[in-house]
Amino acid sequence: MRKRKPKKRVIAPDPRYGDSMVTQFVNNMMWEGKKSVAYSIFYDAMDKVESRTSENPHEAWKKALENVMPAVEVRSKRIGGATFQIPTEIRPARRLSIGMKWLIRFSRARSGKGMAEKLSAEIIAASKGEGAAVKRREDTHRMAEANRAFAHFKA
């Protein structure tokens with residue numbers, strides 16, 4: 001191995017919750033470098049979550065993320081002319097980023113008015129263990145389970 005590992009960037013915590021995970025989420029949600037817009041969308045969504053569920057929105061968001069993060073995924077590998085889907089464990093940092101990206105992606109795909117509305121709806125659904133992002137995780141796990149026979153080919 002020639003290159004050294006890249007330095008982990010330190011992400012500043014967000015102003016309201018003092019949580020760097022929130023900042024990472026907002027960075028993922030941001031479009032065209034408009035961070036203040038992304039922050040206002042996120043905080044609006046949090047206010048909506050609070051008014052609808054009357055629980056701590058930050059905790060609800062964390063629970064939603066926890067319910068969305070996959071533990072295993074399948075990776076394609078060619079062995080002797082055939083392509084196998086090989087289930088592999090996901091390292092924690094990747095689990096988190098995949099979970100965030102799915103939550104954002106399926107929020108955008110929802111029907112509703114405005115991103116804050118859609119995001120709050122998806123967060124509430126995911127914290128209850130339902131919604132499109134949680135379904136995606138279930139599908140990923142099911143796929144890995146179905147291909148467990150090829151686990152000995154570890155990539």
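See above for the structure.
Note that the structure is a prediction, hence the values are computed from the model and not measured. (Residues numbered from 1 in each chain as written. Predicted model: local features only at pLDDT ≥ 70, side-chain atom pairs only at ≥ 80, totals over all residues. Heavy atoms only, no water.)

Chemist: Just give me the short version of the pairing of strand 2 (residues 82-89), but keep the residues and values in it.
Modeler: In the sheet, strand 1 (residues 72-79) pairs with strand 2 via eight bridges, with the strands oriented antiparallel. Each residue of the ladder has a partner; that of K77, found in strand 2, is F84. Joining the antiparallel neighbours strand 1 and strand 2 is a turn of two residues, in which G80 adopts a positive phi near 55°. (Pairing = 2+ DSSP bridges. Helix = DSSP H or I, 4+ residues; strand = E, 2+ residues; numbered from the N terminus.)

Chemist: So what about the packing of aromatic side chains? Which residues, and what values?
Modeler: Enumeration over the complete set of coordinates arrives at seven aromatic pairs. Taking the centre distance of 5.5 Å and the plane angle of 55° together, the rings of F25 and F42 count as tilted. Placement of the pair is F25 in helix 1 (residues 20-29) and F42 in helix 2 (residues 35-53), with a sequence separation of 17 residues. Judged by its relative accessible area of 0%, F25 is buried. On the basis of an interplanar angle of 85° and a centroid distance of 5.5 Å, the ring pair of F25 and W61 is categorised as edge-to-face. (Phe/Tyr/Trp six-rings, centres within 6.5 Å; stacked < 30°, edge-to-face > 60°. Buried < 20%, exposed > 50% of the residue type's maximum accessible area, 1.4 Å probe, protein only.)

Chemist: Can you explain the environment of R110? Please cite residues and give values.
Modeler: Counting through the fold element by element, R110 comes out in the loop between helix 4 (92-109) and helix 5 (115-127). Through-space distance from the C-alpha of R110 to that of E122 is 7.9 Å; in sequence the pair is 12 residues apart. For R110, the contacting residues outside a window of four places in its chain are K118, A121, E122 and A125. (Contact = heavy atoms within 4.5 Å.)

Chemist: Can you break down the environment of K101 residue by residue, with the values?
Modeler: With respect to the element layout, K101 can be found in helix 4. C-alpha separation for the pair K101 and E117, spaced 16 residues apart in sequence, amounts to 17 Å.

Chemist: Go over the packing of helix 1 against helix 2 with me, naming the residues and quoting the values.
Modeler: Axis separation between helix 1 and helix 2 bottoms out at 9 Å; the angle between their running directions is 115°. Considering only the axes of helix 1 and helix 2, their crossing is right-handed. Across from V22, T23, F25, V26, N27 and M29 in helix 1, the residues of helix 2 making contact are K35, A38, Y39, I41 and F42. Taken together, the residues of the contact of helix 1 with helix 2 break down into eight nonpolar, two polar and one charged. (Axes fitted to C-alpha atoms, helices over the stretch in contact; angles between N-to-C directions. Left-handed = near helix turned anticlockwise from the far one by under 90°. Nonpolar A, V, L, I, M, F, W, Y, C, P; charged D, E, K, R; others polar.)

Chemist: Lay out the packing of helix 4 against helix 5 in plain terms, naming residues and giving numbers.
Modeler: Interaxial distance between helix 4 and helix 5 falls to 8 Å at its minimum, and their mutual angle equals 120°. Accordingly, the angle class assigned to the pair helix 4 and helix 5 is oblique. For the pair helix 4 and helix 5, the sense of crossing is right-handed. Where helix 4 approaches helix 5, its residues L103, I104, F106, S107 and R108 are matched on the opposing element by M115, K118, L119, E122, I123 and A126. Partitioning the contact of helix 4 with helix 5 into residue classes produces seven nonpolar, one polar and three charged. (Parallel < 35°, antiparallel > 145°, perpendicular 65-115°, else oblique.)

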